[in-house]
Amino acid sequence: MASVTEASPPPPPVRRAGRGPGRDRPRKAVDHGAWFLVLPALLPILVLSVGPLLYGVLLAFTDAQSGRTEPTRWIGGLNFRDLLHDTLFWESFRIGLVWAVGVTVPQFLLALGLALLLNQDLRLRWLARALAIVPWVMPEVVVGIMWRLVYNPDAGILNEALRDIGLGSGRDWLSGLATALPAVIVVGVWAGMPQTTVALLAGLQNTPRELHEAAAVDGAGAWRRFRTVTWPALRPIALAVTALNLIWNFNSFALVYVLTNGGPGGRTRLPMLFAYEEAFRYGQFGYAAAMGCVMVAVISIALAVFLAGRLRGGDDA
């Protein structure tokens, strides 16, 4: 009988050098049609945001002024050098930081309490939620005019209430050197609290009720349920809202402009107000642009450090 020869196994496939297991898949073709769909949304951002930002950076290195007949000259970093020695600007920067922190922290704490309250099964909860967002829908100019009437030294609601309970005969809250900034901070907290409340309330409604019920069955009290269930779910939202509120509050302009116009004696002159006066009252466009660049740089660095610390703390937890 003829011997049967066993067939040799086929050789292993040859793999090209430099290509791993995940690199043998074909590359996805770039859909150029998607860019035409995104372009209408990108154009307003490029024209209205990126363009003016780049122009402002370039303007900061020039001696641009209003009313001059000579052409604008490139002066390098002279505006920034002068800005380093401008004590008025750095004082306004300090006031801006006090304002931003003084508004953001109470704003978040009060909004958190209000969101927890509105998340309960209360009667007429829909009406309470509607009333809670009323300050949010009001323009800042209207809010400023309304609170000027509240703080009016002669016929304001606040002074009338203090007179009725025997705590004073009337005080000019927005003109006092010691009371102007705290009074404006109160208005900022009241005007910005609804937006933070809505964001936190949305986070609370996305938290599964089963987690709270399980914690309650295990004997956890209200504070322990908040610390172990509610707060971990709200932490990402709280981080984003706090960061955005710091930016928005530091860049506030209209509300403080209507309330005090930076007075008295510069006690409420925020950096945006200072830059506005330099540009449109004194015509120093290049110098004002340098102020804007410094504000953007400092706030970006501080915000990056803040976010890095919060994220690192969240990862450790």
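Notes on the structure in this doc start here. For clarity, every value in this text was computed on a predicted model and none was experimentally measured.

We now examine the environment of Ile95. Turning to its location among the elements, Ile95 is positioned in helix α3 (residues 87-118). Relative accessible area serves as the criterion here: at 4%, Ile95 is assigned to the buried category. Remark: the alpha-carbon pair of Ile95 and Thr268, spanning 173 residues in sequence, is separated by 6.8 Å. Among all residues touching Ile95, those that are not within four sequence positions of it are Leu181, Gly266, Arg267, Thr268, Arg269 and Leu270.

Turning our eyes to something else, we now look at the environment of Tyr151. Locating Tyr151 in the fold gives a position in the loop between α6 (140-150) and α7 (157-164). In this structure Tyr151 comes out as buried when scored by relative accessible area, which is 5%. Sequence-wise, Tyr151 and Gly170 are 19 residues apart; in three dimensions their C-alpha atoms are separated by 9.6 Å. Sequence-distant contacts of Tyr151, that is, excluding residues within four places in its chain, are made with Leu158, Asn159, Arg171, Trp173, Leu174, Ala183, Val186 and Val187. Engagement of the side chain of Tyr151 in a polar contact is seen with the backbone oxygen of Ala183, the distance being 3.0 Å.

A word on the nonpolar core. One broad rule of soluble globular proteins: the nonpolar side chains tend to lie buried together. Ranked by size, the top nonpolar core spans 21 residues in total, and within it Trp99, Trp147, Tyr151, Val187 and Leu259 carry the most contacts. At the level of secondary structure, the elements contributing two or more residues to this core comprise α3, α6, α8 (180-205) and α11 (254-259). Counting residues per element, this core draws most heavily on α8, at 7 residues. Once residues within four sequence positions are removed from consideration, Leu259 is found in contact with Gly144, Trp147, Arg148, Leu174, Val184 and Val187.

To continue, consider the packing of aromatic side chains. Remark: the centre distance and the inter-plane angle together describe each pair of aromatic rings, the angle taken between the planes. Inspection of the entire model under this criterion finds 17 aromatic pairs. Geometrically, the ring pair formed by Phe61 and Trp74 is stacked, given 5.5 Å between the ring centres and 15° between the ring planes. With a gap of 13 residues between them, Phe61 in the loop between α1 (32-59) and α2 (78-84) and Trp74 in the loop between α1 and α2 connect regions that are remote in the sequence. Aromatic ring contacts, followed pair by pair, group Phe89, Trp90, Phe93, Phe250 and Phe274 into a single cluster. Lying across the ring of Trp173, Arg171 places its NZ or CZ 5.5 Å from the centre.

All right, on to a nonpolar patch on the surface then. A cluster of nonpolar residues, Trp35, Leu37, Val38, Leu39, Leu42, Leu43, Ile45, Leu46, Val47, Leu48, Val50 and Leu54, forms a patch on the protein surface that exposes about 1200 Å² of accessible area. You can see Leu46 is positioned in helix α1. Here Leu46 falls in the partly exposed class, since its relative accessible area comes to 46%.

Packing of helix α9 (residues 209-217) against helix α10 (residues 222-250) leaves a shortest axis separation of 10 Å and a crossing angle of 150°. Put simply, α9 runs roughly antiparallel to α10. Where α9 crosses over α10, the handedness of that crossing is right-handed. Listed contacts from α10 to Leu211, His212, Ala215 and Ala216 of α9 are Arg225, Val229 and Thr230. Among the residues making up the contact of α9 with α10, the classes are represented as 4 nonpolar, 2 polar and 1 charged.

Parameters and conventions
- Residue positions within a chain follow its written sequence, with the count starting from 1.
- Totals for whole chains, interfaces and linings use all residues, but because this is a predicted model, local features are given only for residues with pLDDT of at least 70 and pairs of side-chain atoms are given and counted only at 80 or more.
- Where side-chain values are given, they derive from all heavy atoms of the structure, hydrogens and water being excluded.
- Think of it this way: any DSSP run of H or I at least four residues long counts as a helix, any run of E at least two long counts as a strand, and we number them from the N terminus.
- Burial classes: relative accessible area under 20% of the type maximum marks a residue as buried, over 50% as exposed, and values in between as partly exposed (1.4 Å probe, protein chains only).
- Residues are treated as being in contact if the distance between any of their heavy atoms lies within 4.5 Å.
- Polar contact is defined as a pair of N or O atoms within 3.5 Å, subject to the rule that within protein one atom must be able to donate a hydrogen and the other to accept it, and that residues adjacent in sequence are counted only when both atoms are side-chain atoms.
- In this text, buried Ala, Val, Leu, Ile, Met, Phe, Trp, Tyr and Cys residues form a nonpolar core when linked through side-chain atoms within 4.5 Å.
- Only rings of Phe, Tyr and Trp enter the pairing, Trp through its six-membered ring, and a pair is recorded when the two centres are within 6.5 Å. The plane angle decides the type: under 30 degrees is stacked, over 60 is edge-to-face, the rest tilted.
- Each ring is checked for a lysine NZ or an arginine CZ that lies within 6 Å of its centre and within 35 degrees of its normal; such an atom marks a charge sitting over the ring.
- Residues with no salt bridge and a relative accessible area higher than 30% make up the patches, which join like charges within 9 Å and nonpolar side chains (Val, Leu, Ile, Met, Phe, Trp, Tyr) within 5 Å.
- Shrake-Rupley sampling with a 1.4 Å probe provides the accessible areas, and residues are treated as covered by the protein chains on show and by no other component.
- Each reported salt bridge corresponds to a side-chain nitrogen of Lys or Arg within 4 Å of a carboxyl oxygen of Asp or Glu.
- Helix axes use the C-alpha atoms of the stretch in contact, all axes being lines fitted to C-alpha atoms, and the angles between their N-to-C directions lie in the range 0 to 180 degrees.
- Note that the term roughly parallel is reserved for angles under 35 degrees, roughly antiparallel for angles over 145, roughly perpendicular for angles of 65 to 115, and oblique for everything else.
- Each crossing gets its handedness from the near helix: less than a right angle anticlockwise from the far helix is left-handed, clockwise is right-handed.
- When residue character is reported, Ala, Val, Leu, Ile, Met, Phe, Trp, Tyr, Cys and Pro are called nonpolar, Asp, Glu, Lys and Arg charged, and the others, Gly included, polar.

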